[in-house]
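# Fold and contact review
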Amino acid sequence: NLSEVMEWWMENENPAKKREQCADEGGHALELLNMNAEEIKEKWLNIQKRSYTNWINEVLRPTGEVVNDIVDDIGNGVLLCKLTMLLTMKRLRYQKNPRLLFQRQDNIQKSLNLLEQSGCKLVNIGASDIMTKNTKLILGFLWQLVQHFHVFQSIKNVRKMNRDMKGENLMGNLGEETDEFLESERQEKVELKKTRGKSTHHVKKQILVDINRRLERRGFRVDNLTTDWRNGDALCALVDYNVRGIYDLYQDSDAVMKVAESMIAAHKFLGIPQLIEPEDFISNLIDEQTMSMYISCFVHDGIEEISVNLFDDITPDMMGEKDEEKVDEETADVLEFMKAQDAASPTRPMLANVASFVQVSKIL
């Protein structure tokens with residue numbers, strides 16, 4: 001995390017050692033050598049701002065609203081009220097054109113109150129912090145929203161899927177196994193409460209368990225949500241679990257290319273929005289919280305049913321008169337197929353908090 005990076009950076013004055021460690025992380029890390037502590041902090045904040053802005057825009061997508069600078073755009077409380085209504089699916093009366101200071105403050109406070117009433121535990125944030133554009137506190141506030149309405153919901157979906165699988169196995173035999181199923185269901189509820197109470201620790205553990213299950217097909221395993229993902233191999237292998245062939249296409253590409261193309265495929269075929277920029281995804285400064293926001297999209301139960309094989313799904317018409325045995329031409333047709341899929345098949349929104357257009361019309 002940032003504190004560890006900053007501590008190492010300030011204590012280690014040996015330029016050769018810094019260069020050696022940065023080189024071990026990859027070429028993208030060498031840029032840190034020319035940065036001072038303030039520049040590193042600013043870069044870290046910008047990664048968070050871009051990522052959280054992408055998440056908010058995805059939630060607001062049914063409304064047509066677009067956020068450009070999250071710190072500035074939520075200052076009058078209007079966008080925050082809309083975001084709150086979409087996350088909680090509850091109506092909120094607010095001032096749609098606030099001109100006075102107290103009107104803006106009232107909008108923000110109403111949003112904070114409704115979020116807390118919906119079970120989202122807010123810490124160290126108030127209306128004045130948002131109005132005065134306190135970037136650090138606003139980003140902390142946004143993470144609390146992401147954690148409660150997005151990451152926790154993804155984990156809940158996975159646990160429900162696992163519980164359903166257990167239920168099918170147990171209910172098939174009936175008898176005493178039924179009691180065992182009911183007991184397992186009770187334990188799942190207890191575990192969910194533990195997850196909510198102990199913040200990111202249990203969430204991270206649950207995400208890694210499910211992700212590693214998918215990565216086994218390609219012989220990968222990750223032990224964290226940061227360093228193990230920086231070369232792009234893990235994400236490429238993760239997407240390949242559903243989109244067969246994507247790993248073979250880009251296994252020899254550089255990290256940015258692997259991540260970028262994997263994100264494109266995840267969006268086209270799995271409906272997973274690109275919440276993190278590829279360059280930020282492989283950065284040394286991205287933290288576990290931001291990474292969990294994106295990676296948790298893959299632990300959605302609906303993704304299990306999606307299976308696409310890029311090479312098998314290419315039709316003869318796409319191949320034309322090309323020599324089918326040439327790998328480069330076959331790869332080119334796969335890419336054309338992916339572009340065609342983007343236009344022909346509607347993406348499936350995997351964000352648990354994205355409301356439908358019908359729902360939006362009822363609450364906004």
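Residues numbered from 1 in each chain as written. Predicted model: local features only at pLDDT ≥ 70, side-chain atom pairs only at ≥ 80, totals over all residues. Heavy atoms only, no water.

## Section: the overall build of the protein
Quick reminder of the rule: Only runs of H or I of at least four residues qualify as helices and only runs of E of at least two qualify as strands under DSSP, and these elements are numbered from the N terminus. Contacts between residues were defined by any pair of non-hydrogen atoms, one from each residue, lying within 4.5 Å. Method for areas: the Shrake-Rupley scheme with a 1.4 Å probe, in which residue coverage is limited to the protein chains shown.
When you go through the protein residue by residue, the secondary structure sums to 18 helices and two strands. For the protein, restricting intrachain contacts to residue pairs at least 6 apart in sequence, the fraction spanning at least 24 positions comes to 63%. Of the roughly 18500 Å² of accessible surface on the protein, 47% is carried by carbon and sulfur atoms.

## Some remarks on helix H6 (residues 101–117)
Applicable threshold: One less than the residue count of a helix, multiplied by 1.5 Å, gives the span that helix is expected to have. Residue exposure (1.4 Å probe, protein chains only): buried if accessible area is under 20% of the type maximum, exposed if over 50%, otherwise partly exposed.
The end-to-end C-alpha distance of H6 is 25 Å, a good match for the 24 Å that 17 residues give at a rise of 1.5 Å each. Within the sequence span of H6, burial applies to Gln 103, Asn 107, Ile 108, Ser 111, Leu 112, Leu 114 and Leu 115.

## So, the packing of aromatic side chains
Cut-off, in case you're wondering: Classification of ring pairs uses Phe, Tyr and Trp, with its six-membered ring standing for Trp, and accepts pairs whose centres are within 6.5 Å; under 30 degrees between planes counts as stacked, over 60 as edge-to-face, and the remaining range as tilted.
All chains considered together, the criterion is met by four aromatic pairs. When the ring of Tyr 294 is compared with that of Phe 298, the centres are 5.5 Å apart and the planes differ by 80°; the resulting orientation is edge-to-face. Residue class for Tyr 294 comes out buried when judged on its relative accessible area of 0%.

## Points about the pattern of salt bridges
Note the threshold: A pairing counts as a salt bridge when a side-chain nitrogen of Lys or Arg comes within 4 Å of a carboxyl oxygen of Asp or Glu.
By the definition in use, this model includes 14 salt bridges. Across the pair Glu 65 and Lys 82 runs a salt bridge whose closest N-O atoms are separated by 2.4 Å. Of this pair, Glu 65 sits in the loop between helix H3 (37–60) and helix H4 (70–73) while Lys 82 sits in helix H5 (residues 78–88), and the two are 17 residues apart along the sequence. Judged by relative accessible area, which is 27%, Glu 65 ranks as partly exposed. Arg 221 is the salt-bridge partner of Asp 223, the closest N and O atoms lying 3.3 Å from each other.

## Structural notes on the nonpolar core
Cut-off, in case you're wondering: The term nonpolar core refers to a set of buried residues drawn from Ala, Val, Leu, Ile, Met, Phe, Trp, Tyr and Cys, joined through side-chain atoms within 4.5 Å.
In this structure, Leu 145, Trp 229, Phe 281 and Tyr 294 are the most contacted members of the largest nonpolar core, which totals 82 residues. Here the element with the most residues in this core is helix H8 (residues 135–171); it accounts for twelve residues. In this structure, Tyr 294 is in contact with Leu 235, Met 263, Ala 266, Ile 272, Pro 273, Gln 274, Leu 275, Ile 276 and Phe 281, ignoring residues within four places of it in sequence. Val 78, Cys 81, Tyr 94 and Leu 114 belong to the second largest nonpolar core, which has six residues in total.

## Some details on the side chain of Arg 230
As a reminder, the rule being used: Polar contact criterion, stated in full: a pair of N or O atoms within 3.5 Å, where within protein one must be able to donate a hydrogen and the other to accept it, and residues adjacent in sequence count only if both atoms are side-chain atoms.
With respect to the helices, strands and loops of the structure, Arg 230 is situated in the loop between helix H10 (200–215) and helix H11 (233–240). At a separation of 3.2 Å, a polar atom in the side chain of Arg 230 contacts the main-chain carbonyl oxygen of Asn 284.

## Some remarks on unusual backbone geometry
For Met 89, which is not glycine, the phi torsion reads 60° and is therefore positive. Residue position: Met 89 is located in the loop between H5 and H6. Of note, the phi angle at Lys 133 is positive, near 60°, even though the residue is not glycine. Relative to the helices and strands, Lys 133 resides in the loop between helix H7 (127–131) and H8. When its relative accessible area of 43% is taken as the criterion, Lys 133 is described as partly exposed.

## As for the packing of H5 against H6
The following threshold applies: Between N-to-C directions, angles cover 0 to 180 degrees, with each direction set by a line fitted to C-alpha atoms, over the stretch in contact for helices. Between 65 and 115 degrees an angle is taken as roughly perpendicular, under 35 as roughly parallel, over 145 as roughly antiparallel, and anywhere else as oblique. Definitions for this section: a left-handed crossing has its near helix turned counterclockwise from the far helix by less than a right angle. A right-handed crossing has that turn clockwise. In this classification, the charged set is Asp, Glu, Lys and Arg, the nonpolar set is Ala, Val, Leu, Ile, Met, Phe, Trp, Tyr, Cys and Pro, and all remaining amino acids, among them Gly, are polar.
At their nearest, the axes of H5 and H6 sit 8 Å apart, and the two run at 15° to each other. Relative to H6, the element H5 lies roughly parallel. Considering only the axes of H5 and H6, their crossing is left-handed. Here Val 78, Leu 80, Cys 81, Thr 84 and Thr 88 of H5 lie close against H6, whose contacting residues are Asn 107, Ile 108, Ser 111, Leu 114 and Leu 115. Class assignment for the residues of the contact of H5 with H6 results in six nonpolar, four polar and no charged.

## Overview of the environment of Asn 46
Mapped onto the fold, Asn 46 is located in helix H3. For Asn 46, a relative accessible area of 26% puts it in the partly exposed group. Between the C-alpha atom of Asn 46 and that of Ile 286, which follows or precedes it by 240 residues, the distance is 10.0 Å.

## A short note on the packing of H3 against helix H15 (residues 288–295)
Interhelical geometry of H3 versus H15 gives an angle of 30° and a closest axis separation of 10 Å. Between H3 and H15, the angle falls in the class roughly parallel. Of the two elements, H3 crosses H15, and the hand of that crossing is left-handed. Judged by residue contacts, Gln 48, Ser 51, Tyr 52 and Trp 55 of H3 engage Gln 289, Thr 290 and Met 293 from H15. Residues of the contact of H3 with H15, tallied by class, amount to three nonpolar, four polar and no charged.

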